[in-house]
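What follows is each chain in one-letter form.
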Amino acid sequence: MTTQIDRPLSTAMPVPDADILPLPRLHLADPRTRATLRIQQALLAGAREHLRAGGSVEMTHPIIGPVTDPGSRGAKQADIDFYGHHYKLMTSAILYKQASLLTFDRIFLVAPNVRLEPIETSSTRRHLAEFRQIDVEVARATRDEAMDLVEGVIRHAVTKVLAECAEELAALERDTAALQAFVAAPFARIPHGEVVERLRAKGYPQAAGTEIEWQAEELISRDAAAPFFVVGYPKGSRGFYDKESTEDPGTLLNFDLIAPEGCGELCSGSEREFEYAKIITRMRETGENPAKYAWYLDVVRNGIPNSAGFGIGVERLTRWVAGLDSVWQATAFPKLAGVVSP
Ligand code: AMP
Ligand code: MG
């Protein structure tokens, strides 16, 4: 297969496999792409239906701003020259989500994110350099309530796909009985420490008290009979806005949702830090300079509600539901780390 890979800007930069993406015109006209994007449309419609029925208001948020989410592990932020001011493309909408709770108690958005992921991620089958999130924030919600909402959104969206996209699922040879079974039962909620033990029992050298790397995540995802939550990641692994437990300092009141079939993480969420002094402390602990966050800290200092929220990766959810080999197949115009594309 030929690709439209271009010359890299720097010869020092490692170049991903030249055959990693098909030519755009071949990908766009592929019946599999057509089936996938119809499934994605039903997933988004299902998510919107569920969220709006629960009283959430859909908003649109900035894609550039003076500061963005610092919590994306390993990925670089993209810079924008905003009339002489140093702006960033959004890596996530977290700061705007918390601020928006001054307007509505329950909000959501389908938000684009740009993350210049490390070049090695071009072959993980689950990283894009540009992707979208179904991003949700709920005032005064607990972590359990946020996980209930994730389950509700995914169950409703998948059920809609099963009802409306039989032809597309058949074209992609998706096992629909398996998909139906995956969303039939409640999703388990497993503490991070227990996942570490399970990984070690399988011979994977997972350190306690650290982030679960994507290779390990793939392993537990392959073993899973249904989607499940990992709860309570250790401090240090996530951004300053994931709330730290008061009963169990060092542990965050957060979660990831892991899909079965080797797809790995679909969603991350948490209760949020919302008190000014704690946010400043957490920023300092995570190496962030509070001075960069002037607009956000002004909002926080004057009071925002406690909240919980999450972001579901649209392409990752589509990849899993459609049974695709790789996440780039779940978007019309894929952007992979280091690969020149439209
Ligand atoms: P995060 O804030 O890193 O937890 O991202 C939230 C969600 O967005 C994740 O659970 C994924 O579903 C999705 N996501 C994060 N990074 C990427 C990426 N590089 N490519 C595709 N989806 C991603
Ligand atoms: Mg995450």
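None of these values were measured; they are calculated from a predicted model.

(A) Examining the coordination of the magnesium ion (ligand 2) more closely. Surrounding the magnesium ion (ligand 2) are the protein donor atoms Glu265 (OE) and Ser268 (OG), at 2.1 to 2.2 Å. Its relative accessible area of 14% is what places Glu265 among the buried residues.

(B) Structural view of the site of ligand 1. The local shell around ligand 1 holds 14 residues, among which Arg115, Glu117, Leu128, Glu265 and Leu266 are the closest. Between ligand 1 and the protein, one listed contact pairs an oxygen atom with a side-chain N or O atom of Arg115 at 2.7 Å. Between an oxygen atom of ligand 1 and a main-chain N or O atom of Leu266, the distance comes to 2.8 Å. Coverage of ligand 1 by the protein chains reaches 88% of its 480 Å² of free accessible surface. Secondary structure elements with two or more residues in the shell around ligand 1: strand E6 (130–139), strand E10 (264–271) and strand E11 (307–313). When residues in the shell around ligand 1 are grouped by element, the largest group, 4 residues, is from E10. A per-class count over the shell around ligand 1 returns 4 nonpolar, 5 polar and 5 charged.

(C) Representation of the sheet that holds strand E5 (residues 106–114) in the model. A sheet is described by the order of its strands in space; here 8 strands give the open sequence E1-E5-E6-E11-E10-E9-E8-E7, paired in mixed fashion. The sheet terminates laterally at strand E1 (57–58) and strand E7 (188–191), the two strands that pair on one side only. In this structure, E5 lies alongside E6, joined through 9 bridges in antiparallel fashion. Following the sheet pairing, Val114 is matched in E6 by Glu130. Its contacts with the sheet put helix H4 (residues 143–164) on E5, E6, E7, strand E8 (228–231), strand E9 (254–259), E10 and E11, and the angle it makes with E11 is roughly 30 degrees.

Procedures and definitions
Residues numbered from 1 in each chain as written. Chains lettered and ligands numbered in written order. Predicted model: local features only at pLDDT ≥ 70, side-chain atom pairs only at ≥ 80, totals over all residues. Heavy atoms only, no water. Donors = N, O, S within 2.8 Å, 3.2 Å for Na, K, Ca; no water. Buried < 20%, exposed > 50% of the residue type's maximum accessible area, 1.4 Å probe, protein only. Near = heavy atom within 4 Å. Polar contact = N/O pair within 3.5 Å; in protein donor to acceptor, adjacent residues only side chain to side chain. Areas by Shrake-Rupley, 256 points an atom, 1.4 Å probe, with all protein chains shown as cover. Helix = DSSP H or I, 4+ residues; strand = E, 2+ residues; numbered from the N terminus. Nonpolar A, V, L, I, M, F, W, Y, C, P; charged D, E, K, R; others polar. Pairing = 2+ DSSP bridges. Contact = heavy atoms within 4.5 Å. Axes fitted to C-alpha atoms, helices over the stretch in contact; angles between N-to-C directions.

As far as function goes, none of this settles anything; it's purely spatial.
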